Amino acid sequence: MFDLTGKKAIVTGGAGDLGFAMAQALAEQGASLAIWDRSDQTEAAARRLSRPGMTAGAFHVDLAEREQIASCFDETVKALGGLDILINCAGINIRHPSEAFPPEDWDSVLNINLSATFFLCQKAASVMLGQGRGSIINIASMNSFIGGMSNVAYAASKSGVAGLTKTLSNEWAGRGVRVNAIAPGYMDTQMNAYYRQTGDGDRLKAIITPRIPVGRWGVPDDLKGAAVFLASDDSAFVSGLILAVDGGFLAR
């Protein structure tokens, strides 16, 4: 079960904490990989994922530039020799009080987190619908279910990712392309380092951590099983799901 041998996958944000862990999980199950990121660690991440007889490709992409999405997608599919799996993990978060949120920061967050996710889904569908199979995995958030604080653009974008995932599933699942999302809970990653470095860390320790039934924050490896499950043919009857990997937070 969960064998991905011969499958070809793109993982955006693959040089980051969560993206790398999910890419690693796919590689461990035999998938060929293309890592998309704008980080200067993109090549290093790809080298770490390469194995005998299988080289992971590294592609520098600024997802805020739609022309880059289109051109790099075609280049990537040609290099991979096809496409079976897309994980849209790239994302940013910029914090301001809502009443003072700058329009340019709103646009930046929405462009990366929501618009780029949609346009990449659209590009993936141009291949997957033609072959009658494929799995798209978007990355949602706890903010897809609950409100945040001082992160209105991020919360709006991740709520949009949830709606986007369900709508694309409605349109494409009957044609062989499943669309799901993973919603990570509170994760110990660089994006959440903000909480560790400010007074909000005390608030989280007092309020949020005790609300997580497993008693801890998540780590990137906690997403590996969910990613492999949704990417594999063993989840063939699963589509339109927003899978919370949150230590039980939403059920509390």
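If you're wondering where the values come from, they're calculated on a predicted model, not measured in any experiment.

1. Things to note about the sheet that holds strand β7 (residues 242-245)
Reading across the sheet, the seven strands line up as β3-β2-β1-β4-β5-β6-β7 and stay open at both edges, with parallel pairing between neighbours. Strands at the two margins of the open sheet, each flanked by one partner only, are β3 (57-60) and β7. When the angles between neighbouring strand axes are averaged without regard to direction, this sheet yields 20°. Of the pairings in the sheet, the one linking strand β4 (residues 85-88) to strand β5 (residues 134-139) comprises four bridges and is parallel in character.

2. Digging into the environment of methionine 1
Examined against the element boundaries, methionine 1 turns out to sit in the segment before β1 (8-12). With 103 residues separating them in the primary sequence, methionine 1 and glutamate 104 have C-alpha atoms 46 Å apart.

3. Re the environment of aspartate 188
For aspartate 188, the position within the fold is in the loop between β6 (177-184) and α6 (193-197). Here aspartate 188 falls in the partly exposed class, since its relative accessible area comes to 45%. Taking the C-alpha atoms as reference, aspartate 188 lies 31 Å from proline 52; in sequence the two are 136 residues apart.

4. A word on the pattern of salt bridges
For the structure shown, the criterion picks out seven salt bridges. A salt bridge links lysine 7 to aspartate 233, with the nearest nitrogen and oxygen atoms 3.5 Å apart. With lysine 7 in the segment before β1 and aspartate 233 in the loop between α8 (224-231) and β7, this pair connects stretches of sequence that are 226 residues apart. One salt bridge connects glutamate 28 with lysine 224, and the closest N-O pair in it is separated by 3.4 Å. Within this pair, whereas glutamate 28 is found in helix α1 (residues 17-28), its partner lysine 224 is found in helix α8, the two being separated by 196 residues in sequence. Judged by its relative accessible area of 16%, lysine 224 falls in the buried class. Connected through shared salt-bridge partners, Glu28, Asp221 and Lys224 make up one network.

5. A word on the side chain of asparagine 143
Tracing the backbone through its elements, the reader meets asparagine 143 in the loop between β5 and α5 (152-172). Given a relative accessible area of 10%, asparagine 143 falls into the buried group. Separated by 2.8 Å, the side chains of asparagine 143 and asparagine 151 make a polar contact. When sequence neighbours within four positions are dropped, the list of residues in contact with asparagine 143 reads Gly148, Asn151, Tyr154, Ala155 and Ser159.

6. Digging into the packing of helix α4 (residues 103-131) against α5
One way to put it is that α4 packs onto α5 with a least axis distance of 8 Å and a crossing angle of 15°. In terms of orientation, α4 lies roughly parallel with respect to α5. Handedness of the crossing formed by α4 with α5: right-handed. Each of Trp106, Val109, Leu110, Asn113, Leu114, Thr117, Phe118, Cys121, Gln122, Ala125 and Leu129 in α4 lies in contact with α5, whose residues at this interface are Val152, Ala153, Tyr154, Ala156, Ser157, Lys158, Gly160, Val161, Leu164, Leu168 and Trp172. Of the residues in the contact of α4 with α5, the class split is 16 nonpolar, five polar and one charged.

7. Observations regarding the pairing of β6
Among the eight residues that make up β6, eight are buried, leaving the element largely enclosed by the rest of the structure. Because side chains alternate across β6, one face comprises the buried residues Val177, Val179, Ala181 and Ala183, and the other comprises Arg178, Asn180, Ile182 and Pro184, equally buried. The pairing of β5 with β6 spans six bridges and is classified as parallel. Within β6, the position partnered with isoleucine 137 by the bridge is asparagine 180. With α5 bridging β5 and its parallel neighbour β6, the resulting β-α-β unit is right-handed.

8. Considerations on the packing of α1 against α8
With their axes 8 Å apart at the nearest point, α1 and α8 run at an angle of 55° to one another. Between α1 and α8, the interaxial angle falls into the category oblique. Where α1 crosses over α8, the handedness of that crossing is right-handed. Of α8, the residues touching α1 (which contributes Ala21, Met22, Gln24, Ala25, Leu26 and Glu28) are Lys224, Ala227, Val228 and Ala231. In terms of residue class, the contact of α1 with α8 is built from seven nonpolar, one polar and two charged.

9. What about the environment of isoleucine 112?
In this fold, isoleucine 112 is placed in helix α4. For isoleucine 112 and leucine 63, which are 49 residues apart along the polypeptide, the C-alpha to C-alpha distance reads 5.9 Å. Not counting residues within four places of it along the chain, the set of residues in contact with isoleucine 112 comprises Asp62, Leu63, Ala64, Ala90, Gly91, Ile92 and Thr117.

Rules used in this analysis
Residues numbered from 1 in each chain as written. Predicted model: local features only at pLDDT ≥ 70, side-chain atom pairs only at ≥ 80, totals over all residues. Heavy atoms only, no water. Pairing = 2+ DSSP bridges. Helix = DSSP H or I, 4+ residues; strand = E, 2+ residues; numbered from the N terminus. Axes fitted to C-alpha atoms, helices over the stretch in contact; angles between N-to-C directions. Buried < 20%, exposed > 50% of the residue type's maximum accessible area, 1.4 Å probe, protein only. Salt bridge = Lys/Arg side-chain N within 4 Å of Asp/Glu carboxyl O. Polar contact = N/O pair within 3.5 Å; in protein donor to acceptor, adjacent residues only side chain to side chain. Contact = heavy atoms within 4.5 Å. Parallel < 35°, antiparallel > 145°, perpendicular 65-115°, else oblique. Left-handed = near helix turned anticlockwise from the far one by under 90°. Nonpolar A, V, L, I, M, F, W, Y, C, P; charged D, E, K, R; others polar. Right-handed = clockwise from strand over helix to strand, strands pointing away.

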